[in-house]
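As a plain string of letters, each chain reads:
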Amino acid sequence: MSTRTSALDAVVFGVDIQSGDVRGDAPSYALAVYDGDDVTRDVVSHRKLRRLIDDEEPAIVATDNMYELAADKDQLIHFLGSLPSGTRLVQVTGAEQPEPLSRVAKRHGIPYGKDPMQEAEAAARLAAHNVGHEVSAFTDTTEVKVSRGRSTGSGGWSEDRYTRRIHGSVRKRAREVESELEDENLEYEKNVRESYGGYANAVFTVHGKPSEIPVSRNRSGDVRVEIERERRDGIEFKPLVKRRDHVIVGIDPGTTTAVAIVGLEGEVLDVWSSRTSDTAEVIEWIVERGRPIVVAADVTPMPETVEKFRRSFDAAGWTPRSDLPIDEKQHRTRDHPYDDDHQRDAMAAALYAIDAHEDQFERIADKLPPGLDRGEVTARVVAGEESVEAVLRDLSDDDDGGEEESTEHEPRELTAEEKRIKDLERQVERLQSHVERLEGRVEDRDERIDELETELSNARREERREVRKDREVSRLERKANRLERERDDAREEVETLEKKVERMKALWKLDHSNFSDVSAKKEGLVPVKIVEKFTKGAIREADEQYGIAAGDVVYVRDASGAGRSTAELLAEFEPRVILKEGGLSEIADEILFDAEIPVGPADDVAMQEVDELAVAREDDVEAVIDDWHERAKDRKRDRKAAMVDQLISEHRAGDNEV
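The structure presented is a predicted model; accordingly, all values stated were derived computationally and were not measured. Here the residue numbering is sequential within each chain, running from 1 through the sequence in written order. With the structure being a predicted model, the display of local features is reserved for residues of pLDDT at least 70 and the display and counting of side-chain atom pairs for 80 or more, all residues being used for whole-chain, interface and lining totals. With hydrogens and water set aside, each side-chain value is computed from the structure's full complement of heavy atoms.

**Description of the overall build of the protein**
Runs of H or I in DSSP of at least four residues are treated as helices and runs of E of at least two as strands, each being numbered from the N terminus. For the protein, the helix and strand inventory stands at 16 helices and 21 strands. Burial classes follow relative accessibility: with a 1.4 Å probe on protein chains only, a residue under 20% of its type's maximum area counts as buried, one over 50% as exposed, and anything between as partly exposed. A total of 658 residues make up the protein; the buried ones form 36% of that total. In what follows, a contact means two residues having at least one pair of non-hydrogen atoms within 4.5 Å. For the protein, the share of sequence-separated contacts (at least 6 apart) that also reach a separation of at least 24 residues comes to 63%. Counting only carbon and sulfur atoms, one obtains 45% of the accessible surface of the protein, whose full area is about 40,000 Å². Where accessible areas are quoted, they stem from the Shrake-Rupley method and a 1.4 Å probe; at the residue level, only the protein chains shown are allowed to cover.

Here you go:
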């Protein structure tokens with residue numbers, strides 16, 4: 001654990017099972033509410049615990065075992081999803097393989113007792129001092145879904161209008177959500193499923209937590225808004241503070257400074273080089289990655305720059321007996337990647353230092369009892385020049401000394417062990433004096449660190465301001481591009497409609513009795529109303545669009561399939577003439593003939609169509625009408641002859657019967 005921990009200013013809940021079992025019906029919990037130095041204790045039910053968490057929204061809910069709050073993984077995920085956005089669940093005893101709470105509390109100097117309330121308080125104090133791992137089942141990505149709040153239904157005269165209204169409401173709410181996200185400068189991806197009249201749904205994948213999103217879950221009328229955090233594949237543990245283990249550091253100084261960090265097992269943890277960094281930046285980079293036990297160089301004697309780093313960390317130094325040859329450094333670092341020769345040299349120095357201390361590290365590890373921090377003991381033995389036994393006695397708080405030496409006996413020569421003890425006592429005095437000096441140096445460094453943290457905070461604040469500014473500029477650019485596209489589309493639509501209006505004006509002039517304003521080119525023309533098919537629906541649609549009046553010339557594109565009622569409907573409009581394409585049924589022909597409405601082939605008339613209307617030459621129309629009248633005379637004559645023949649036949653049949 002880092003030696004520079006600090007208590008939280010916010011409220012921490014420490015929780016432990018008081019009685020019962022979470023898998024049972026009604027478990028009770030010991031609850032310790034830690035707020036600075038003030039601790040409030042209570043025994044609550046599971047339901048009351050959940051209500052207190054929702055009401056007070058503590059920064060941390062701390063426990064020694066997360067499965068005391070949930071019976072299984074699914075319930076645990078549900079519990080994590082129900083926590084307030086600013087509340088974290090922390091397991092203070094570790095991650096997947098937790099330690100006993102008593103051992104963790106002792107290691108960090110936290111009071112501990114076996115009573116559930118004492119364990120709850122210990123968990124709260126540990127979490128307040130940044131001990132433990134945050135338990136998480138969700139990422140920092142949130143899905144906001146805008147969808148229909150009710151079914152569109154089925155059947156009915158107004159179903160289409162009802163569906164359009166719902167989809168229009170979804171589209172309107174989705175645009176509002178998008179505007180709110182952009183106002184907060186949040187990054188998001190949008191996926192829209194368009195449907196009849198608007199949107200069926202719109203899904204926004206937002207890079208942020210629900211607490212950062214200015215949209216709430218609700219359902220109002222036609223629209224429903226749902227908010228759900230993105231689930232991880234499993235449960236993730238994240239330490240509250242980054243652990244700084246003891247490490248071996250290799251440094252290659254010069255115009256380019258390179259540093260390599262190697263663990264006590266010989267694994268290369270990190271390597272870095274820079275031409276512009278000063279001593280403070282190099283030290284900060286090392287501190288973020290571990291606590292050096294040994295600082296090594298690849299040449300002898302140790303360069304003054306490396307020596308300064310060694311003294312800064314009060315670490316042991318290591319140099320080879322002679323400068324390391326390039327081929328040996330290449331061979332020793334062959335299994336590890338590096339960017340330049342400086343990183344290679346720093347890595348080689350650290351690895352050769354590990355090789356030199358390997359036997360010593362193994363002897364220390366063999367003497368350690370289970371549960372003790374190997375790095376801490378190794379650092380005190382290697383860098384502090386203490387014996388393993390002395391360190392173990394100190395860590396186990398074994399203050400029992402041997403029997404006091406009797407002053408009644410005559411002075412005698414000290415044994416080798418007693419001489420060793422005397423030497424160690426003197427060494428302790430020297431170390432204590434050194435510690436005092438180091439403590440003063442630590443205070444100076446803490447002040448410097450505070451200054452650097454303030455500068456870093458200011459730099460980050462400025463960077464966030466620039467990021468927000470860039471996001472705002474990007475949002476406005478996207479909005480400007482969208483408005484320009486809408487403007488261009490509107491201009492094109494206006495141009496198309498203007499052309500259509502001009503054509504409609506020309507036809508309107510033709511469709512009225514006042515031809516004085518019609519140009520000479522239009523004289524001798526007549527407007528024609530177009531009906532797509534000889535059906536009731538097509539006739540009504542044409543009448544709704546541009547009207548069919550008595551005396552109009554009607555053009556039927558497809559005259560086939562007409563029946564009695566269809567012909568009667570068209571005859572009611574009393575058109576001047578009907579121009580047709582295709583064959584006309586006998587019954588329709590009879591109805592129109594009896595109504596004395598001329599019918600003729602459209603091929604005999606030259607027409608020019610303009611959108612839904614057309615114009616034709618007056619002479620051609622008159623010719624069709626005259627032709628029909630000629631044929632009508634013959635048809636009437638034939639009909640009368642047929643009637644006379646029928647009467648004669650009926651009369652003869654009557655005489656024969658007599």
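Alright, that's what it looks like, and here's the rest.
**What about the environment of D42?**
Looking at the element boundaries, D42 is found in strand 3 (residues 38-45). In this structure the C-alpha to C-alpha distance between D42 and A30, which are 12 residues apart in sequence, comes to 6.1 Å. Not counting residues within four places of it along the chain, the set of residues in contact with D42 comprises Y29, A30, L31, K48 and M117.

**A few points about the packing of aromatic side chains**
Any two rings among Phe, Tyr and Trp, with Trp reduced to its six-membered ring, count as a pair given centres within 6.5 Å; such a pair is stacked if its planes are under 30 degrees apart, edge-to-face if over 60, and tilted if neither. Summed over the entire model, instances satisfying the criterion amount to three aromatic pairs. Seen in terms of ring centroids, W272 and W285 are 5.2 Å apart; in terms of plane orientation they differ by 20°. Their pairing is stacked. Here W272 is found in strand 13 (residues 268-274), whereas its partner W285 is found in helix 6 (residues 279-287), with 13 residues between them in sequence. Whether a charge sits over a ring comes down to the Lys NZ or Arg CZ being within 6 Å of the ring centre and within 35 degrees of the ring normal. Looking at R635, its charged tip hangs above the ring of F593, at a distance of 4.1 Å from the centre.

**Digging into the pairing of strand 1 (residues 12-19)**
With six of eight residues buried, strand 1 lies mostly within the body of the structure. Whether two strands pair depends on DSSP finding at least two bridges between them. With three bridges connecting them, strand 1 and strand 4 (residues 60-63) associate as parallel partners. Of the residues in strand 4, the one forming a bridge with F13 is V61. Judged from the seven bridges that link them, strand 1 and strand 2 (residues 28-35) form a sheet pairing that is antiparallel. Within strand 2, the residue paired with S19 across the bridge is S28.

**Quick notes on helix 6**
Turning to helix 6, its buried residues are V282, W285 and I286. With its buried residues spanning 100° around the axis, helix 6 presents them on a single face. Those residues of helix 6 that are buried are in contact with strand 11 (246-252), strand 12 (257-263), strand 13, strand 14 (291-296) and helix 7 (304-313). As used here, the arc is the angular range of directions from the helix axis to the C-beta atoms.

**Focus: the pattern of salt bridges**
Here, a salt bridge means any Lys or Arg side-chain nitrogen found within 4 Å of an Asp or Glu carboxyl oxygen. Evaluated as defined, the whole model comprises 42 salt bridges. Between R471 and E187 there is a salt bridge, with the nearest N and O atoms lying 3.3 Å from each other. One end of the pair, R471, is in helix 12 (residues 416-510); the other, E187, is in the loop between helix 5 (159-183) and strand 7 (188-195), and 284 residues separate them in sequence. Ionic pairing is found between R557 and E532, a salt bridge with its closest N-O pair at 3.0 Å. Residue R557 is located in strand 17 (residues 553-558), and its partner E532 is located in strand 16 (residues 525-533); the two are separated by 25 residues in the primary sequence. You can call R557 partly exposed: its relative accessible area is 26%. What makes E532 partly exposed here is its relative accessible area of 46%. Overlapping salt bridges bring together D298, K329, D341, R344 and D345 as one network.

**Considerations on the sheet that holds strand 12**
Strand order in this open sheet of five strands is 13-12-11-14-15, and the pairing throughout is mixed. One side of each edge strand has no neighbouring strand; the edge strands of this open sheet are strand 13 and strand 15 (316-318). Within the sheet, the average angular offset between the axes of one strand and its neighbour, ignoring direction, is 25°. Pairing of strand 14 with strand 15 involves three bridges; the strand directions are parallel. From the neighbouring strand, V295 faces strand 15, where its bridge partner is G317. Each of strand 11, strand 12, strand 13 and strand 14 is contacted by helix 6, which is oriented at about 15° to strand 12, the strand it contacts most. Only C-alpha atoms enter the line fits that serve as axes; for helices the fit covers just the stretch in contact. Angles between N-to-C directions range over 0 to 180 degrees.

**Observations concerning the side chain of S136**
Relative to the helices and strands, S136 is located in strand 6 (residues 133-148). Here a polar contact is taken to be a pair of N or O atoms separated by no more than 3.5 Å, where protein atoms must pair a possible hydrogen donor with a possible acceptor and residues adjacent in sequence count only if both atoms sit in side chains. Separated by 3.0 Å, the side chain of S136 and the backbone oxygen of F138 make a polar contact. If near-sequence neighbours (up to four positions away) are discounted, S136 is found in contact with L80, R232, G234, I235 and E236.

**Here we look at a negative patch on the surface**
Residues forming no salt bridge and having over 30% relative accessible area are the ones grouped into patches, like charges within 9 Å of each other and nonpolar side chains (Val, Leu, Ile, Met, Phe, Trp, Tyr) within 5 Å. In this tally Asp and Glu are treated as negative and Lys and Arg as positive; neither His nor the chain ends contributes. Note that the charge is assigned to NZ on lysines, CZ on arginines, CG on aspartates and CD on glutamates. Together, E436, E439, E443, D444, E447 and D450 line one region of the surface with negative charge. Locating D450 in the fold gives a position in helix 12. Overall, D450 belongs to the partly exposed group, its relative accessible area being 40%.

**So, the packing of helix 6 against helix 7**
Where helix 6 meets helix 7, the closest approach of the two axes is 12 Å, and the angle between their N-to-C directions is 50°. With respect to their mutual orientation, helix 6 and helix 7 come out oblique. In this structure, helix 6 meets helix 7 at a crossing whose hand is right-handed. Counting all contacts with helix 6, which are made through T279, V282, I283, I286 and V287, the residues of helix 7 involved are F309, S312 and F313. Each residue is assigned to one of three groups, with Ala, Val, Leu, Ile, Met, Phe, Trp, Tyr, Cys and Pro labelled nonpolar, Asp, Glu, Lys and Arg labelled charged, and all others, Gly among them, labelled polar. Looking at the contact of helix 6 with helix 7, its residues break down into six nonpolar, two polar and no charged. Convention used here: angles under 35 degrees read as roughly parallel, angles over 145 as roughly antiparallel, angles from 65 to 115 as roughly perpendicular, and any remaining angle as oblique. Note on convention: the crossing is left-handed when the near helix lies turned anticlockwise from the far helix by less than a right angle, right-handed when the turn is clockwise.

**Considering the nonpolar core**
Residue types Ala, Val, Leu, Ile, Met, Phe, Trp, Tyr and Cys, when buried and joined through side-chain atoms within 4.5 Å, form a set referred to as a nonpolar core. Core analysis: the largest hydrophobic core is formed by 37 residues, its most contacted members being V531, F534, L579, L592 and V621. For this core, the secondary-structure elements that each account for two or more residues are strand 16, helix 13 (536-546), strand 17, helix 14 (564-572), strand 18 (577-580), helix 15 (586-594), strand 21 (613-617) and helix 16 (618-657). In this view, V621 contacts V526, V553, R576, V577, V605 and A616; residues no more than four positions away in its chain are not counted. Counting residues in each nonpolar core, the second largest holds 28 residues, with L264, L368, V391 and L392 among its members.

**Overview of the pairing of strand 10 (residues 223-239)**
Sheet topology places strand 6 next to strand 10; 12 bridges connect them, and they run antiparallel. In the strand pairing of strand 10, E134 is matched with K238. Bridging between strand 9 (residues 218-220) and strand 10 involves three bridges; their strand directions are antiparallel. In the strand pairing of strand 10, R219 is matched with R224. Counted along the chain from strand 9 to the antiparallel partner strand 10, the turn is two residues long, and its residue G221 has a positive phi close to 60°.

**Describing helix 7**
Those residues of helix 7 that sit buried are V306, E307, F309, S312 and F313. Backbone geometry just downstream of helix 7 places D314 in the positive-phi region, at approximately 50°.

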